[in-house]
Amino acid sequence: MISSNDFRTGTTIELDGAVWRVVEFLHVKPGKGSAFVRTKLKAVQSGSVVDRTFRAGEMVPQAMLEKATLQHTYMEGEDYVFMDMSTYEETRLTAQQIGDSRKYLKEGMEVSVVSWNEKPLEVELPNSVVLEIAQTDPGVKGDTATGGTKPAILETGAQVMVPLFLSIGEKIKVDTRNDSYLGRENS
């Protein structure tokens, strides 16, 4: 159990048989009446967002999530197959469960799979990944590193904005949290 006073962004709780993650919280102490905590909760499974108010100090069951490092081995139809490299046990997740993270997912990549009651919920990618540029406008002599940017499509199908001097076949580091270019990767 966790008190509503201890809510922080990212805290996971159980409500109505589902797992919810605290996205925003605000402790409110009105001049009259008792204090309360106004929250915005996001369902981990479905992604829906709701506003919910709790009394200050109200006890709520905390969701105990397990994280396991698994390797994405292959795709079968619409399912992504992950394998625990120590036990060789397979876990399947649908594209909907993975969500937007799938645009950076490639075979052989190790990710954290978050489970609740032995059911996989979501995939957490590393903060940055190294991917190859598959398609972009050609770089032209004279393009500078401080100039503009152009769209580039990566080997996984993700699209990010990159500096003008980059060309097809180069490996770049991308921040998976905000889809931004971090730099070239020297291989």
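Further up the page is the structure itself.
Quick look at the structure, then. Bear in mind the structure is a predicted one, so any value in this text is a computation, not a measurement.

Calculation rules
- Residues numbered from 1 in each chain as written.
- Predicted model: local features only at pLDDT ≥ 70, side-chain atom pairs only at ≥ 80, totals over all residues.
- Heavy atoms only, no water.
- Phe/Tyr/Trp six-rings, centres within 6.5 Å; stacked < 30°, edge-to-face > 60°.
- Helix = DSSP H or I, 4+ residues; strand = E, 2+ residues; numbered from the N terminus.
- Buried < 20%, exposed > 50% of the residue type's maximum accessible area, 1.4 Å probe, protein only.
- Contact = heavy atoms within 4.5 Å.
- Pairing = 2+ DSSP bridges.
- Axes fitted to C-alpha atoms, helices over the stretch in contact; angles between N-to-C directions.

All chains considered together, the criterion is met by 1 aromatic pair. Between Phe7 and Phe54, the aromatic rings sit 5.3 Å apart at their centres with planes inclined by 90 degrees, giving edge-to-face as the arrangement. Taken together, the residues Phe7 in the loop between strand S1 (2–3) and strand S2 (12–15) and Phe54 in strand S5 (residues 49–55) connect sequence positions 47 residues apart. With respect to class, Phe7 is no different from Phe54; both count as buried.

A few words now on the environment of Pro163. Tracing the chain through its elements places Pro163 in strand S14 (residues 159–163). Through-space distance from the C-alpha of Pro163 to that of Ala18 is 43 Å; in sequence the pair is 145 residues apart. Apart from the residues within four sequence positions on either side, Pro163 is in contact with Gly148, Thr149, Lys150 and Tyr181.

If you trace the 5 strands from one edge of the open sheet to the other, you get S14-S13-S12-S15-S16, paired in antiparallel fashion. The strands lining the two open edges of the sheet, one partner per strand, are S14 and strand S16 (180–184). Between one strand and the next, the sheet's axes are offset by a mean angle of 55 degrees, whatever the strand orientation. Pairing geometry for strand S15 (residues 171–175) and S16, over 4 bridges, is antiparallel. Its bridge partner lying in S16, Lys173 is registered against Gly183.

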